[in-house]
Amino acid sequence: MQATWAAAQAPSVTADSVTQPVVLPDSQQWVMHGDATGRDYLVQVSVPDASPPAGGYPVLYVLDGNARFPLVVMGRDSLTLRGPDGDTSPWLIVGIGYPDTRRFNGSARSEDYTPAVSNMPAVDSRGRPVGGAEHFQDFLQNQLLPRIADRFEVDASRRALLGHSYGGLFALYTALTRPPLFSNYIAISPSLWWGNGFLYELPSVPGGVKARVLLGAGAQERGRRPAFAQRSGVRSNALPAMCDNVACFAQWLKSHHPHWVVKHQTFTGSDHGNVMWPAVRALWRFLDKSRLDKSEQ
């Protein structure tokens, strides 16, 4: 099944015109049920126009796929194009979304992307369930990743996870609890305030496990999101806001996991809602092996 875009407002056409959905080239989609979560997921896959490398395609998994999959695909096909007649970076892209959802399924993502934290209620202030991240991890590990490996020629050693906001929180939580699941983690404007800063209290990852992590936030997010909680060791009257949170957490990751590659970027002129636009450019620089810093090679 081809992945399609449906126009929100179709332009006027003559009576003898025939309209068709806009099809995303070299793409397909299907719905699969998550045994661990009990809900269905819309899985969308875009195959690059480049031949698979010797070890298979590296794979980028994109959370909030309904909203982010088209943006990330267009970013790969535009930002990594090697000349007018060249090919693109050979990353297979997998969007993970929800059926019958235009952009975001607030209730489903609130549960799937937030970890369970002791002494926290089972629902948030909007009445949405929370705390299901471990079950969602099980779905990824036991169902989705094997399904992609069965259907496509992929490199199991090169997998990336991209998340924004709650999705960024989930990406960092996975990096700290199941780091071998992905080799690269991209967390944009992560909700680090979740659970009163509990990420700082997670056990250290064994030294032999390596990961590459990119954190980012918009410069205009400063002061517009909940700050770090007191568990971060910062005085309650001097808690930094979102933009500072991400920079501080990047430094914390570097100090506690010196064997990891940790990069941080602030996106000038961006806020929480539009930060993914510049972040897509940054993530393709981060993932493209031909552009790795010499220190990583």
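Thresholds applied
Residues numbered from 1 in each chain as written. Predicted model: local features only at pLDDT ≥ 70, side-chain atom pairs only at ≥ 80, totals over all residues. Heavy atoms only, no water. Helix = DSSP H or I, 4+ residues; strand = E, 2+ residues; numbered from the N terminus. Buried < 20%, exposed > 50% of the residue type's maximum accessible area, 1.4 Å probe, protein only. Pairing = 2+ DSSP bridges. Axes fitted to C-alpha atoms, helices over the stretch in contact; angles between N-to-C directions. Parallel < 35°, antiparallel > 145°, perpendicular 65-115°, else oblique. Contact = heavy atoms within 4.5 Å. Nonpolar A, V, L, I, M, F, W, Y, C, P; charged D, E, K, R; others polar. pLDDT = per-residue confidence, 0-100. Left-handed = near helix turned anticlockwise from the far one by under 90°.

Visitor: Looking at this structure, I do not really get the environment of proline 115. What am I missing?
Guide: Within the secondary structure layout, proline 115 lies in the loop between α2 (106–113) and α3 (133–151). Sequence separation between proline 115 and leucine 169 is 54 residues; the distance between their C-alpha atoms is 8.6 Å.

Visitor: Is there a simple way to explain unusual backbone geometry in this structure?
Guide: Peptide bonds are mostly trans, and most non-glycine residues show a negative phi. One non-glycine residue, aspartate 26, lies in positive phi territory at about 55 degrees. Tracing the sequence through the fold places aspartate 26 in the loop between β2 (22–23) and β3 (27–33). Residues other than glycine seldom take positive phi values, yet serine 165 does so here, at roughly 60 degrees. Following the sequence through the fold, serine 165 ends up in the loop between β7 (154–164) and α4 (166–177). Serine 165 sits in the buried class, given a relative accessible area of 13%.

Visitor: Looking at this structure, I do not really get the pairing of strand β6 (residues 92–97). What am I missing?
Guide: On any regular strand, side chains alternate: one points to one face of the sheet, the next to the other face. The buried count for β6 comes to 6 of 6 residues, which makes it a mostly enclosed element. Alternating positions in β6 separate into two faces, Leu92, Val94 and Ile96 on one and Ile93, Gly95 and Gly97 on the other, with burial throughout. Examined bridge by bridge, strand β4 (residues 40–46) and β6 share 5 bridges and lie antiparallel to one another. Residue pairing across strands places serine 46 opposite isoleucine 93, the latter belonging to β6.

Visitor: Whenever I open this one, the packing of α3 against α4 confuses me. Can you help?
Guide: Axes are the key here: two packed helices are described by the angle between their axes and the distance separating the axes. In the contact formed by α3 and α4, the axes pass within 11 Å of each other and the chain directions differ by 75 degrees. Relative to α4, α3 is oriented roughly perpendicular. Along its contact with α3, which presents Ala133, Phe136, Gln137 and Leu140, the element α4 presents Phe170, Tyr173, Thr174 and Thr177. Split by residue class, the contact of α3 with α4 holds 5 nonpolar, 3 polar and no charged.

Visitor: I would appreciate a short explanation of the confidence of the model for the chain in the present structure.
Guide: Should the pLDDT be low somewhere, the predicted coordinates at that spot are not to be read in detail. Across the chain, the average pLDDT comes to 83, with 82% of residues at or above 70. Across residues 224–240, where pLDDT falls below 50, the model places 31 contacts with residues more than four positions away in sequence or in other chains.

Visitor: Which parts of the structure should I look at to understand the packing of helix α1 (residues 65–79) against helix α6 (residues 276–287)?
Guide: Running from amino to carboxyl end, α1 crosses α6 at an angle of 50 degrees, the nearest separation of the two axes being 10 Å. In terms of axis orientation, α1 runs oblique to α6. As α1 runs across α6, the sense of the crossing is right-handed. Mapping the contact onto sequence places Arg68, Leu71, Val72, Gly75, Arg76 and Leu79 in α1 and Met276, Trp277, Val280, Arg281 and Trp284 in α6.

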